[in-house]
Every structure is written in C-alpha cells, then in structure tokens.
Amino acid sequence: MKLIISRIWVVCVIAALVFTACSRRVTPVDDGNLRQILHLGNGAEPVDLDPHVITGVTEFNIIRALLEGLVDENPHTLKPEPGVAERWEISADGLQYTFHLRGDARWSNGDPVTAHDFVFSFRRMLTPALGARYAYMLYPLKNAEQFHRGELDDFSQVGVRAEEEHTLHLELEHPVPYLLSLLTHNSWYPVHPPTVRAAGGEDRPGTRWTRPESFVGNGPFNLQSWEHGKRIIVTRSPTYWDRETVRLNEIHFHAISDSSIEERSFRAGQLHVTGTIPLDRIDWYRKNRPEVLRLDPYLGTYYFLLNVQRPPLDDVRVRRALAKAINRQAIVDYVTRGGEAPARHFTPEKLDAYETSARLADSPESARALLAEAGYPGGEGFPQLQFLINTSDAHARIAQAVQQMWREELGISINIVNMEWQVYLATTQDGNYQIARAGWIGDYLDPNTFLDLWVTGGGNNRTGWSNTDYDEAVNAAARTSDPQERMRYFDTAENILIREMPVIPLYFYRSKSLIQPAVRGWHPTLLDRHPYKHVWLEP
C-alpha cells in the first residue's frame, strides 16, 4: 500500500509540473525538488579537491561530500559521531585512541577502506615535500611535528599504526580534549593510496587524481563532473556504508563569485541555497521574503592581514594606528548589515567558555598619536599602501569604507587591488602583499582553532609575524589538562596578539544565505556545516 501511495504521489507531482510548465518555465529548483538534486551557490572556483592541500571553505564544501574521516558530525550540533570508525576507545590518560573501522566501509571503486589507508594518508599529510599548510593539524600525534619538519625520517616513530585491517591506533604527544572534533577536518581525511600513487606520487600536489575520471572517494557522493568556472556535480554513491540514509541523488556546486549574480540566480529558481547575500539586499529580504532569509551565528572572524616584513608595517605603532582608526560599529551597522558584532579581539568569545581580557578600542585620537610617534604626523610622508581583496562586492565595500576612514582620520591613502580567488591565495601565501582582507572560520569548536593560526611558522600564518611568548602560551594551552588554566593561557596569547597587531580584526561573522522552502535538514550550526547525507528536498 505504501509503495502504491508513493507512486501515486510522484505521478501527481509530475502532472502538476507538466501543467505548471504550460504557464511558466520549470526551473532547476523545480526539477531538483522532484529528482532530489540540490543546487548550491559555492562562491569562487575551487583551487583543488585534494583534502591535504586545500585551505578554503569553498573547497571544503565539496570535499566533505566526497570523503569521510574516522568521525562524522551530528547535523544539529556538529558533535562527533561515528564515521568510518564505528566505535573507539580512549585511554584514561587521554593519550591512546583505538578506532575500530567498519567492515562495510568502501571506496567508490569497491575497495575496502582500511586502517592502512589512514596511515598512508597521515604520512602523506605530514610529508614535507607535499607542502600541506594544514599539516600542523596532525601535530597532536606523537612525533608528527618532528617528522613534518624533517627532524625525524622514520614515520614508524609517529603515533599512528594499523594494528589490523580495521583497527587504527593513535598515540598523542599530550591529551587533546577536542581531538574527536579535530578528526572531522579535511586534513585527517583518507585518500585512496593506489589512485594517488598512480597520478604521480603521494608527495606531489596538483596531480590529476582529483579529476572526475580519476577520483576515488569514500564519502556519501561521487565526483561526476567538473566544468571549470561553472559547476561541480556529485552523485549519490552506491558503495557508501550509510547509503540508505542519503536521500539526495545529486548536488550541483555552482561557482558564482559575484553575490549579485548569485542572488538573481536564486530568484530565478536556479539555486536552492546561496553562499551569501548582497549587502544591499538584506533589508529587502527582511521586509519582503523573511521566510527564505537565513542569518545565523557563525564561528568566524573577518580581519585584515598585515605583512609585518614590509615597511612601514614592520612598526607596531603603525599597525596599531591602522587598527584603532577603524569604526567597527559603523561597518557592521551601515556596510555589512547582517547582525555581525564588532571584533575588538580575534577569537570569538563564549566558545567552550572562552573569555578574554584583550580589547581593541576604536580611537582615532590614539591612532593619530601613534602614527605621529612612528614619524608620520597627520599622515605626512606615509607611503601609499596596497590593499589586496579577492573578488566580492562585500569585500570591496568594506575595503572602501576603511579606505575612507584611514584617509579622514589618519591622512593616509591606500590603493585597493582586486584579485580572483586563486590568484589572491597564491599572492598572500607567497607574502607578496602589504595589507589583505581575510576571514577565518573555525575548523572545530575550540579557541585553539583561532589562536594556533599565528604561531611561528604556522602553515596559515601569512603575516611574517613571530613572537616567542605567544608561541609558548599557545603550546602551554595545548599541554595542560586543567580547563581553567587552558583558558588563561589562551587569554595571554590573545592579549599578545592584540598588542602586537599582525592582524586587524573587524567583526565576527554571521552566516548570510537564502534558502528555498523545499530544503530540509539544513540546520543552523556554528560552523555553517550541513552534513549532506541528512539533507533532502520536499516539493
């Protein structure tokens, strides 16, 4: 009876669509609702789909459809849940983790997912020649940092081993209370060893194993096609261990870096969910279509990178002057307008009970005094600096607002330089900039995900800044088991960061998106992650 009713329902829906098509065009959203095809706006063209190389949210959005780590995330809370590992044990001292892998976990080519695949993948991630900027995410493993820095050649001394085909053992340098959440990050994802080797070796980035004709994954979806500059299509995997939970048949990730074009695509029925909203359309949706507007808490900080190796930014007085001359409240009230909070420190508070005494005051008077003390009274003699942004109407408006504030309050001028995402990444990673906009979204729910960014030599520390006291505070926080003491070390690090100012925090994010009423299972989460196997469409 249930099957008959289901078929009648489908026939009715098809009939309704055919009838409707007589009066209007059937949109991709209409078609997707019927066939369980989700259309997502995903910002810029992804740089790569190698989980051990990527650093951006754009890429991660796609990767987590294609690959799965030891641990997955709850769709409501993002708390760790079993992934490839069906269960695990943790020793009393917090140093030993034993993961038991599912016997039915499969790669998309049918190969079993084994503990040896994870050992291969972790070794690859830590191989210096690969140049993985997120390699430090694996430093909790015993001897991982020494291996990555080339101080240890024997990987068998690193704290990971396959005890059996489906048993993986991890040994840590020190207890890491958030390790299970850490394992949901793409740096811990497995890759298929034969596929990576066939494409040119495990230590070579940018090989063709991530192309649709070669990609072998173990996630709920398979990579079907990649039309560069247009879209990536993934299809439901028939080999995924939890395939009965997956209700979507396809996901189309559309590369649309212009928020205005993305918003028009949404209105035209070409997208189910947008990645953002044009700033000047937020109020319109609040008033006219509040049911599709989503403004949710988001664990992230919008900030400016300062290259401290480039004069005059090598002078902390100049850096602090630039930071203090910005009216953050005006930016969130009149530019971003999405309910963001001004950031007067770098790490969002209330994250795992984190609070900080560090505060950055908006003070044009103090800013002018600092600039004069640095030798540039009233901006006299101050060189014109280049301010790098990646293509986005929002980034341009924020940069223009700050440009005007610096001109009016400090008497200095900057030149805004717009670059496409891939060029922007390469330029900032190479240190070929003076000031650059940036944003950091937490990788897991712990203050460490923000503060370990700026340790000396950190893979994502693109400022050239180094401070021994800061490094010691972050490392001490990592090694203590006392939660209150840990937060005190983080507070010490935050105060050093705000005093030295290698970055200028502007505001704490809120996720801003438009979502069609048919989308289900897309719950608000602090990291704006939505495990796709729990998402479906209801016409």
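Residues numbered from 1 in each chain as written. Predicted model: local features only at pLDDT ≥ 70, side-chain atom pairs only at ≥ 80, totals over all residues. Heavy atoms only, no water.

Draft legend 1. Molecular detail of the environment of Pro447. Among the secondary structure elements, Pro447 is positioned in the loop between strand 15 (435-441) and helix 15 (448-451). Between the C-alpha atom of Pro447 and that of Ser260, which follows or precedes it by 187 residues, the distance is 34 Å. (Helix = DSSP H or I, 4+ residues; strand = E, 2+ residues; numbered from the N terminus.)

Draft legend 2. Expanded view of the sheet that holds strand 13 (residues 385-390). Ordered in space as 12-16-11-15-13-14, the six strands form an open sheet in which the pairing is mixed. Lying at the two open borders of the sheet, with one neighbouring strand each, are strand 12 (341-342) and strand 14 (414-419). The sheet contact formed by strand 13 and strand 15 spans two bridges and is parallel. Note that in strand 15 the partner of Leu388 across the bridge is Ala436. Of the strands in this sheet, strand 13, strand 14 and strand 15 are in contact with helix 14 (residues 421-429), which crosses strand 13 at around 135°. (Pairing = 2+ DSSP bridges. Contact = heavy atoms within 4.5 Å. Axes fitted to C-alpha atoms, helices over the stretch in contact; angles between N-to-C directions.)

Draft legend 3. How the structure looks around helix 4 (residues 115-126). If you check helix 4, its first and last C-alpha atoms are 17 Å apart, about what 12 residues at 1.5 Å a residue would give, namely 16 Å. Across the 12 residues of helix 4, 10 count as buried, placing the element largely inside the fold. Buried within helix 4 are the following residues: Ala115, Asp117, Phe118, Val119, Phe120, Ser121, Phe122, Arg124, Met125 and Leu126. Of the surrounding elements, those touching the buried residues of helix 4 are strand 5 (96-101), helix 5 (144-148), strand 6 (160-164), strand 7 (167-171) and helix 7 (193-198). Its side-chain oxygen 3.3 Å from the backbone nitrogen of His116, Thr114 forms the N-cap of helix 4. (Expected span 1.5 Å × (residues − 1). Buried < 20%, exposed > 50% of the residue type's maximum accessible area, 1.4 Å probe, protein only. Polar contact = N/O pair within 3.5 Å; in protein donor to acceptor, adjacent residues only side chain to side chain.)

Draft legend 4. Structural view of the nonpolar core. Grouped together as the largest cluster of nonpolar side chains are 110 residues, with contacts concentrated most on Phe99, Leu168, Trp188, Trp454 and Tyr470. Here this core gets seven residues from one element, more than from any other, and that element is helix 4. Those residues within four positions of Trp188 in sequence are excluded, and the remaining contacts are Phe118, Phe122, Met137, Leu138, Leu141, Leu170, Leu179, Leu182 and Leu183. Phe304, Val318, Leu371 and Tyr376 belong to the second largest nonpolar core, which has 52 residues in total. (Core = buried A, V, L, I, M, F, W, Y, C linked by side-chain atoms within 4.5 Å.)

Draft legend 5. Structural context of the packing of aromatic side chains. Overall, the coordinates contain 28 aromatic pairs when judged by the stated rule. Look at Tyr303 and Trp454: their rings are 5.8 Å apart centre to centre, the planes differ by 85°, and that puts the pair in the edge-to-face class. Of this pair, Tyr303 sits in strand 11 (residues 293-306) while Trp454 sits in the loop between helix 15 and helix 16 (468-479), placing them 151 residues apart in sequence. For the residue pair Tyr303 and Trp454, the accessibility class agrees, reading buried in each case. Through pairs of rings, three or more aromatic residues link up here, namely Tyr298, Tyr302, Phe304, Phe387, Trp406, Tyr507 and Tyr509. (Phe/Tyr/Trp six-rings, centres within 6.5 Å; stacked < 30°, edge-to-face > 60°.)

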